[in-house]
Amino acid sequence: MTTQAPGHATAMAIADTAVMTRRYLYHYLRKPSLLALAVVQPVLFVLLWTYVFSGAIQTPGGNDYVDYLMPGLFILAIAFGSANTGVGLADDLSHGLIDRFRALPMARPALLVGRTLADTLRNAFVVLLMVAVGYAVGFRFHAGPGPALAALAIPLAVGYLLSWISALIGLTVGDPETAGTASLLPVIPLAFTSSTFVPVATMPSWLQAWANSNPITHAVDATRALALGGPTTVPLLRAVAWILGLLAVVIPLAIHRYRHITQ
Amino acid sequence: MRDLAIHAEGLGKTYGTVQALHDLDLAVPPGSVLGLLGPNGAGKTTTVRILTTLLRPDTGQASVAGHDVARQPAAVRQAIGLAGQAAAVDEHLTGRENLHMAGRLYHLDRAATHRRTGELLERFDLSQAADRPARTYSGGMHRRLDLAVSLVGHPQVLFLDEPSSGLDPRGRHQLRHTIRQLVQAGTTVLLTTQYLEEADHLANHIVVIDRGRSIAHGTPRQLKTQIGGDRLQLRLATPATASRAADIVADLGSSSPQVDIQTGEVTLPIADGVAILPEAVRRLDTAGLTLSDLALRRPTLDDVFLTLTRHPTQPPAAPTDQARTNRQPATRSRT
């Protein structure tokens, strides 16, 4: 029908991505189980960890454990939620929807970009909810509003990366249940062998070496430094480098996978 | 050649060791309906997937609406509509939202999208259910919504992969009506089906494929002439007498009868059923053969395949050869 001028292409790609983002947000709003999970899980995380562990763990610098813990919990909750991306895409795939979209004249990356953006908006909601619950149980940002906002951006960036990884997994395994389990597989060991719950210095020395090179440790350290104060440059640079480096690998792989899916 | 709505030459696709498609040629003029007829696993869906840019062929080339599927996939996608075998609609969106989303992705402007959505909801009898999530729809409604979505972009070429599956008789009737309307307005349709009758009703031209190969093509009339019109089916009370019965009625048929000694069934392709029926009964009665069942039926896909894959259609085989092949059981198991 209409032929697209090259200058138009970018505007079209943005419009297509917006259509897809909206579609996946509707899923979150209309599937009661997804909505409930997005609300209950973060609240549960905050309450469980702060009350169960706060008496037992000594934090460096004498911070309250809740202050120490919250930055790690932001990332943990988002990491657990990232499996949604792969599950949703595997579901689309098994219902023939990926074929339908691939046969439409929409921009090739629009579906995956739209999906991961919708997941990021969900994550933003999760993080804000956790801040609210955290404030109720004594958590405070200590370094001012600017760094506080940056402290929320890091978990969202980690979430964006994990969504793309989950997308790649979901499109590869093609079955929602497998996609859910497979997406969590790398997340759980990475999250627990990082500085999320305890300072790396308290771990056995062999584990310290691993924990210090774990990208989740860098992300948690950067978030923590921004939330509580302290030197931010080194952890921030490391975290950003890891996230951008991995995105540069995973995004092309996932888009390639999307373009070449055969049932 | 560029005037053809669909043009394919030598399409081939292999999955591992399975040859899904082998050297398939298609030439479909604009404003016509091509029926791709074949059993499960014949290569129908593979063909549709190649022509709709979802799958790259290993060999051959194809163009749809004048655009090469490999080199200009975006232009192909703008010109086509696809309704796949699964009713691919978003269960969490309403019918209206599904159509609206497709309209935006075809890059219709907002007003045109609204207009088109309303038209299609009306045409497919979905206006009442338009604002309910698709997951509350019945199977037939899903299918109708799926078809409606495939039409949002005013496709020049429409691909329907087994469109009547999941439709009730009313839905089928509606589908036929819709396809006729579209074709009158100049749309080209490629549809796949497992049912000869459906291809007969809907298609101007039929390509029969089996195990990835085209084994026959022509208008429904040509094809039916080739496979010999209706079938007279006899079942003898004593199976052993089936061969004798077949010999007695053989000259009434348009080609040789098929005999199944096990079940006592004789299947005779005939040109004029009503005239032949009394004569066949009289002859069998005179010969003292007892029938347990007698039926006159339209040829089925099984008959097409039996005729096309057993009788070598071209060049004609020697008569003795034909007689031998016809004495094989009339039913074939297929997966």
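A brief report on the enclosed structure follows. (Residues numbered from 1 in each chain as written. Chains lettered and ligands numbered in written order. Predicted model: local features only at pLDDT ≥ 70, side-chain atom pairs only at ≥ 80, totals over all residues.)

### With respect to the overall build of chain B
Within chain B, the secondary structure is distributed over 12 helices and 14 strands. For chain B, the spread of C-alpha atoms along the principal axes amounts to about 75 × 45 × 35 Å. Residue pairs at least 24 apart in sequence account for 66% of intrachain contacts in chain B once pairs closer than 6 positions are excluded. (Helix = DSSP H or I, 4+ residues; strand = E, 2+ residues; numbered from the N terminus. Contact = placed C-beta atoms within 7 Å.)

### A short note on the sheet that holds strand β13 (residues 265–270) of chain B
In a beta sheet, neighbouring strands pair by backbone hydrogen bonds and run either parallel or antiparallel. Residues and elements named next belong to chain B. Read from one edge to the other, the open sheet built from 4 strands follows the order β12-β13-β11-β14, with strand pairing classed as antiparallel. The strands lining the two open edges of the sheet, one partner per strand, are β12 (258–260) and β14 (291–297). Direction aside, the axes of adjacent strands within the sheet are offset by 15 degrees on average. Bridging between β12 and β13 involves 3 bridges; their strand directions are antiparallel. Paired with Gln258 across the two strands is Thr267, which belongs to β13. Lying on the sheet, helix α9 (residues 242–249) is in contact with β11 (230–236), β12 and β13; it crosses β13 at an angle near 15 degrees. (Pairing = 2+ DSSP bridges. Axes fitted to C-alpha atoms, helices over the stretch in contact; angles between N-to-C directions.)

### As for the environment of Leu171 of chain A
Residue and element names in this part refer to chain A. Turning to its location among the elements, Leu171 is positioned in helix α7 (residues 145–173). C-beta crowding within 10 Å serves as the criterion here: with 25 such atoms nearby, Leu171 is assigned to the buried category. Leu171 sits 141 residues away from Arg30 along the chain, and the two C-alpha atoms are 23 Å apart. Those residues in contact with Leu171 that sit more than four places away from it in its chain are Leu89, Leu93, Ala254, Arg257, Tyr258 and Ile261. (Buried ≥ 20, exposed ≤ 12 C-beta atoms within 10 Å, placed from the backbone.)

### Details of the interface of chain A and chain B
Much of the literature gives interface size as the accessible area that the parts lose upon coming together. Listed as interface residues are 22 residues of chain A and, on the opposing side, 23 residues of chain B. Of all the secondary structure elements, the ones that give two or more residues to the side of chain A that touches chain B are α1 (6–30) and α5 (97–102) of chain A. Per element, the largest residue contribution to the side of chain A that touches chain B is 8 residues, and it comes from α1 of chain A.

### A closer look at the sheet that holds strand β1 (residues 6–15) of chain B
Residue and element names in this part refer to chain B. With antiparallel pairing, the 4 strands of this open sheet are ordered in space as β2-β1-β4-β5. Edge strands, defined here as strands with exactly one partner in the open sheet, are β2 (18–28) and β5 (67–68). Sheet analysis places strand β4 (residues 59–64) next to β5, joined by 2 bridges and oriented antiparallel. Looking across to β5, one finds that Ser63 is bridged to Asp68. Each of β1, β2 and β4 touches helix α1 (residues 44–51); the most contacted strand, β1, lies at about 120 degrees to it.

### Thoughts on the environment of Ala203 of chain B
Residue and element names in this part refer to chain B. Note on placement: Ala203 falls in the loop between α7 (196–202) and β9 (205–210). Residues Ala203 and Thr45 lie 158 residues apart in sequence; the distance between their C-alpha atoms is 17 Å. Residues contacting Ala203, with those up to four places away along its chain left out, are Val33, Leu34, Gly35 and Pro220.

### A word on the pairing of strand β7 (residues 157–161) of chain B
All names here are of chain B. Burial of β7 is extensive: 5 of the 5 residues sit out of reach of the surface. Judged by which residues are buried, β7 turns out to be covered on both faces: Val157, Phe159 and Asp161 on one side and Leu158 and Leu160 on the other are all buried. Here strand β6 (residues 80–83) pairs with β7 via 4 bridges, running parallel. Bridging from a neighbouring strand, Ala83 pairs with Leu160 of β7. Here β7 runs beside strand β8 (residues 188–193); their pairing, made up of 5 bridges, is parallel. Bridge pairing in β8 links Leu158 to Val189. Between the parallel pair β7 and β8, the chain is carried across by helix α6 (residues 169–184), and the sense of this crossover is right-handed. (Right-handed = clockwise from strand over helix to strand, strands pointing away.)

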